Amino acid sequence: MKLLKVQALEAKHGLLKAVRGIDLSLDEGEKLALVGANGAGKTTLLRTIAGIHPASSGRVYLDGIDVTAVPAHARSSMGIALVPEGRKLFGSMSVADNLKVATSAGRRGRWNFESVVEALPQLKPKLKAQAGSLSGGQQQAVAIGRALMTNPRVLLLDELSLGLSPLAVQGVYDSLATVATAGTPLILVEQDLQRTFDVADRIVCVLEGRAVASGRTDELTREEVMDYYFGHRV
Ligand code: ATP
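Residues numbered from 1 in each chain as written. Predicted model: local features only at pLDDT ≥ 70, side-chain atom pairs only at ≥ 80, totals over all residues. Heavy atoms only, no water.

Visitor: Explain the nonpolar core to me, please; I cannot follow it from the model alone.
Guide: One broad rule of soluble globular proteins: the nonpolar side chains tend to lie buried together. Among the nonpolar cores identified, the biggest contains 37 residues, and L99, L155, L157, L160, L176 and L188 are the most heavily contacted of them. The residues touching L99, leaving out its near neighbours within four places in the chain, are F113, V116, V117, L127, V142, G145, R146 and M149. Counting 28 residues, the second-largest nonpolar core is a separate cluster that includes L4, L9, L34 and L45. (Core = buried A, V, L, I, M, F, W, Y, C linked by side-chain atoms within 4.5 Å. Buried < 20%, exposed > 50% of the residue type's maximum accessible area, 1.4 Å probe, protein only. Contact = heavy atoms within 4.5 Å.)

Visitor: Explain the pairing of strand β2 (residues 16-26) to me, please; I cannot follow it from the model alone.
Guide: With eight bridges joining them, strand β1 (residues 4-13) and β2 adopt antiparallel strand pairing. Among the inter-strand pairings, E10 is bridged to a residue of β2, identified as R20. Taking the residues between adjacent antiparallel strands as the criterion, β1 and β2 are bridged by two residues, where G14 takes a positive phi near 60°. (Pairing = 2+ DSSP bridges. Helix = DSSP H or I, 4+ residues; strand = E, 2+ residues; numbered from the N terminus.)

Visitor: So what exactly am I meant to see when it comes to the pattern of salt bridges here?
Guide: Oppositely charged side chains can pair when the atoms bearing their charge come close. Applying the stated criterion across every chain yields a total of seven salt bridges. Taking the shortest distance from any N to any O, the salt bridge between K2 and D27 comes out at 3.2 Å. Remark: D27 occurs in the loop between β2 and β3 (31-35) and K2 occurs in the segment before β1; sequence separation between them is 25 residues. Linked through salt bridges whose partners overlap, the residues forming this network are E28, D63 and R153. (Salt bridge = Lys/Arg side-chain N within 4 Å of Asp/Glu carboxyl O.)

Visitor: It is not clear to me how helix α6 (residues 166-181) should be interpreted in this structure. Could you clarify?
Guide: Between its first and last C-alpha, α6 extends 22 Å over 16 residues, near the 22 Å set by a 1.5 Å rise per residue. Within the sequence span of α6, burial applies to A168, V169, V172, Y173, S175, L176, V179 and A180. Burial along α6 is one-sided: seen end-on, the buried residues are contained in an arc of 155°. With respect to the buried face of α6, the exposed residues turned more than 90 degrees away are L167 and T181. Summarising the contacts, the buried residues of α6 are in contact with β3, α5 (136-148), β7 (154-158), β8 (186-189) and α7 (193-199). G183 sits one or two residues past α6 and shows a positive phi near 90°. (Expected span 1.5 Å × (residues − 1). Arc of directions from axis to C-beta.)

Visitor: Which parts of the structure should I look at to understand unusual backbone geometry?
Guide: Glycine aside, a negative phi is what most residues show, and trans is what most peptide bonds show. With a phi close to 50°, N151 is a non-glycine residue in the positive phi region. Taking relative accessible area as the criterion, N151 reaches 5% and is therefore assigned buried. Positive phi values are uncommon outside glycine, yet E159 reaches one of about 45°. Examined against the element boundaries, E159 turns out to sit in the loop between β7 and α6. Exposure remark for E159: the relative accessible area of 10% places this residue in the buried category.

Structural data, given as structure tokens:
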């Protein structure tokens, strides 16, 4: 059985169909990347999988259980965690409290306050600082840590590097490598194709709300992905 299965999923913004019938699945331990131009529907897809945005049709299954009608907070307790675009931290709360607040939503497992801080050592000297006072890269590490605190079965990561300096992006991806080593399955949206190829096992190309191609990163070339990205191959 697939860990996560998305079947003929559709999601709208008003009349606009942002996600137009996407099928995808994720196995235990797998790292999948969604690639596509701005506005292709990647963020809406992740938000719909997390239950933050409603599906207008189609299904989302976690461990074979239909969670399409399950509200976001309950999906988080079941093991779907989203690191949203723009991080969405509680800026006036301390870093430690931003992490701890996620515990109540979560399942028990290998991740707890101590193990998360150990995996993200750049947070150690900042635990008492207000989250909003941290640099963008450090805030992104808090957002990853907060998601880990729920002991996710699936981690959804939306444009981790948006607005960060190259150095900060490197730091965030170093943090992610720790998570990946721990075997947590993830779906990543990332504009930087090189990083996508470095992290992911498999890529799904999204064009105008549809999954137009997919393949293993050791089989696809960057040129092929760029062609799908711009719609040249469709
Ligand atoms: P980006 O990389 O810019 O985040 P994306 O691939 O994640 O792009 P979405 O953000 O999911 O794409 O947007 C898909 C489509 O839905 C776009 O046409 C976008 O303009 C539209 N859209 C997204 N959010 C809203 C919203 N809140 N209200 C109306 N339309 C929206």
